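# A structural walkthrough
Residue strings, one per chain:
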Amino acid sequence: MQSDSRDSKPLVRSLDLQRRAEQYFPGGVNSPVRAFRAVGGNPPFVARAEGAYLFDAEGNRCLDLFGSWGPMILGHAFPPVVEAVREAAGRGTSFGASHASEANLAELVRRCFPSVQKMRFVSSGTEACMSAIRLARGFTGRNFVVKFEGCYHGHADALLVKAGSGVATLGIPGSAGVPAETAQHTLALPYNDLPAVEAAFAAHPARIACILVEPVVGNAGTIPPAPGFLEGLRRIATEQGALLVLDEVMTGFRLSLGGAQQIYGIKPDLTTLGKILGGGLPCGAFGGRADVMDRLAPLGPVYQAGTLSGNPLAMAAGIATLAHLIAHEGEIYPQLERTTRGIAEGVADLAREAGVPLTANRVGSMFTWFFTAGPVTDFASASASDTASFARFHRRMLQSGVWLPPSQFEAAFVGAAHGAAEVEQVLEAARAALAL
Ligand SMILES: *Cc1c(COP(=O)(O)O)cnc(C)c1O
């Protein structure tokens, strides 16, 4: 095992594994940003993970600051989650029929998110968002969807318009293969720009089904809502008879137990969830007002289904994760706040000393170091970042054993397994990496 300050062993075995993977998967990956194209260098292959650390194929120990892109708030291989999954697996891995643990998890979700009166479990955040807009359209009888530039809501056709995350990272304007006809009802507006939202409703009166938004953007890097922005969206949606859909796939159970809607005091009509919800297993959910949700089949005319929806292993991991967060809410969230502040602001201070223009945006335990003087308030200002400097920083941090999300336009995540030692480790690595 490598000590914190020593450089990592070269990724010889990982490179072999990457070459082998490239024979089977486009780019060697099953999700594009994993290929490290935005930062260069070879992606380490993970052999195992525990707590705040990933162990790669060469035996390097890497401090994990991307947490499987959000789910791992309790750390990797958290014993209560592992035990719950093991027990559930022994009772059968999939039934295709109802079982009690679905409502057990739903009960915990509703306790955290009182706006989610009824819900449906799916297998990913993509499915949750795709289904939520179908439901919003079916409920309102309207076709248009308002979204925001740099927000990512999964890879459903209609939502791949000016999307963040890997779409921004790869510079793909939307995506090939999405017919213009499919995207023509998606209105992508600048984030934090209420007049643009007013103008969209004025241009398409009584034709907009919903406003879909990441309440805190994570997929363009972290961008907090300006004061009054979410309140304004709520007011406009209500006035215009459209639904407000908060995409809390990333923020749910992370910014607080009740997500962004709890900390900003916003009551949406629908919420989408994922990531932490499944405790590291594939699980998403969409839910909200009972009168809206009851438009779903079999009660209503909006169709939606899933062979593995409500999967017993995913329910078990979700229940173990949420139960732990609920039982330890008072310790975990203040600790996440403290640790993440130490990391995000500590490195911002080092950058200032080093004369490197850097803007640290942080909300709770999600943050981004934008390599720009800032401020970063929307996708346009995020795009002003010096991605070459970010890429160099990323490679140097990884060389010192700290694994950041491999793109300027992705949020970093801290979990409950990160403590004072990990803060120190990041600062020490950053001190060297910022000597650019
Ligand atoms: C990750 C994410 C999604 C997509 O979820 P997947 O499980 O990757 O399909 C949707 N919305 C937001 C805000 C996300 O962060």
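Residues numbered from 1 in each chain as written. Predicted model: local features only at pLDDT ≥ 70, side-chain atom pairs only at ≥ 80, totals over all residues. Heavy atoms only, no water.

## Re the overall build of the protein chain
The condition is simple: What counts as a helix is a DSSP run of H or I of at least four residues, what counts as a strand is a run of E of at least two, and both are numbered from the N terminus. We take the radius of gyration over the C-alpha atoms and set the globule estimate at 2.2 Å times the residue count to the 0.38 power. A simple rule labels every residue: compare its accessible area, found with a 1.4 Å probe on the protein chains alone, to the largest value its type can have, and call it buried under 20%, exposed over 50%, or partly exposed in between. In this description, contact between two residues means that some pair of their heavy atoms is separated by no more than 4.5 Å. Accessible surface is estimated by sampling points in the Shrake-Rupley manner with a 1.4 Å probe; for residues, cover comes only from the protein chains shown. His is not counted here, nor are the chain ends, while Lys and Arg score as positive and Asp and Glu score as negative. Here the site of a charge means atom NZ of a Lys, CZ of an Arg, CG of an Asp or CD of a Glu.
Along the backbone of the protein chain there are 15 helices and 14 strands. For a compact globule of 436 residues, the expected C-alpha radius of gyration is about 22 Å, and the protein chain comes in at 21 Å, within 12% of that figure. Considered along the principal axes of its C-alpha atoms, the protein chain spans approximately 60 × 50 × 45 Å. Per-residue burial over the protein chain gives 57% buried out of 436 residues. Residue pairs at least 24 apart in sequence account for 73% of intrachain contacts in the protein chain once pairs closer than 6 positions are excluded. Carbon and sulfur atoms provide 54% of the accessible area of the protein chain, an area that totals close to 17400 Å². Charged side chains in the protein chain number 36 positive and 38 negative. The centres of these two groups are separated by 3 Å.

## What about the site of the ligand?
The test is simple: The cutoff for a nearby residue is simple: one of its non-hydrogen atoms must lie within 4 Å of the molecule or strand. The term polar contact refers here to a pair of N or O atoms within 3.5 Å; inside protein, the definition further demands a hydrogen-donor-capable atom paired with an acceptor-capable atom, and it admits residues adjacent in sequence only when both atoms are side-chain atoms. Think of it as three bins: nonpolar holds Ala, Val, Leu, Ile, Met, Phe, Trp, Tyr, Cys and Pro, charged holds Asp, Glu, Lys and Arg, and polar takes everything else, Gly as well.
Around the ligand, the structure places Ser124, Gly125, Thr126, Tyr152, His153, Gly154, Glu214, Asn219, Asp247, Val249, Met250 and Lys275. Here an oxygen atom of the ligand and a backbone polar atom of glycine 125 are 2.9 Å apart. Interatomic distance of 3.2 Å between a backbone N/O atom of tyrosine 152 and a nitrogen atom of the ligand. With the chains in place, 83% of the 380 Å² that the ligand exposes on its own is no longer accessible. Its residues assigned to classes, the shell around the ligand comprises three nonpolar, six polar and three charged.

## As for the sheet that holds strand E8 (residues 243–247)
Put simply, the rule is: Strands are labelled as partners when DSSP assigns at least two bridges between them. Working convention: axes come from line fits to C-alpha atoms, limited for helices to the stretch in contact. Angles between N-to-C directions cover 0 to 180 degrees.
Read across the open sheet, the seven strands follow the order E4-E10-E9-E8-E7-E5-E6; overall the sheet is mixed. The outermost strands of the open sheet, each flanked by one partner alone, are strand E4 (118–122) and strand E6 (186–189). Direction aside, neighbouring strands of the sheet carry axes that sit 20 degrees apart on average. Note that strand E5 (residues 144–148) and strand E7 (residues 208–213) share three bridges and pair parallel. Directly across from phenylalanine 144, in E7, lies its bridge partner isoleucine 208.

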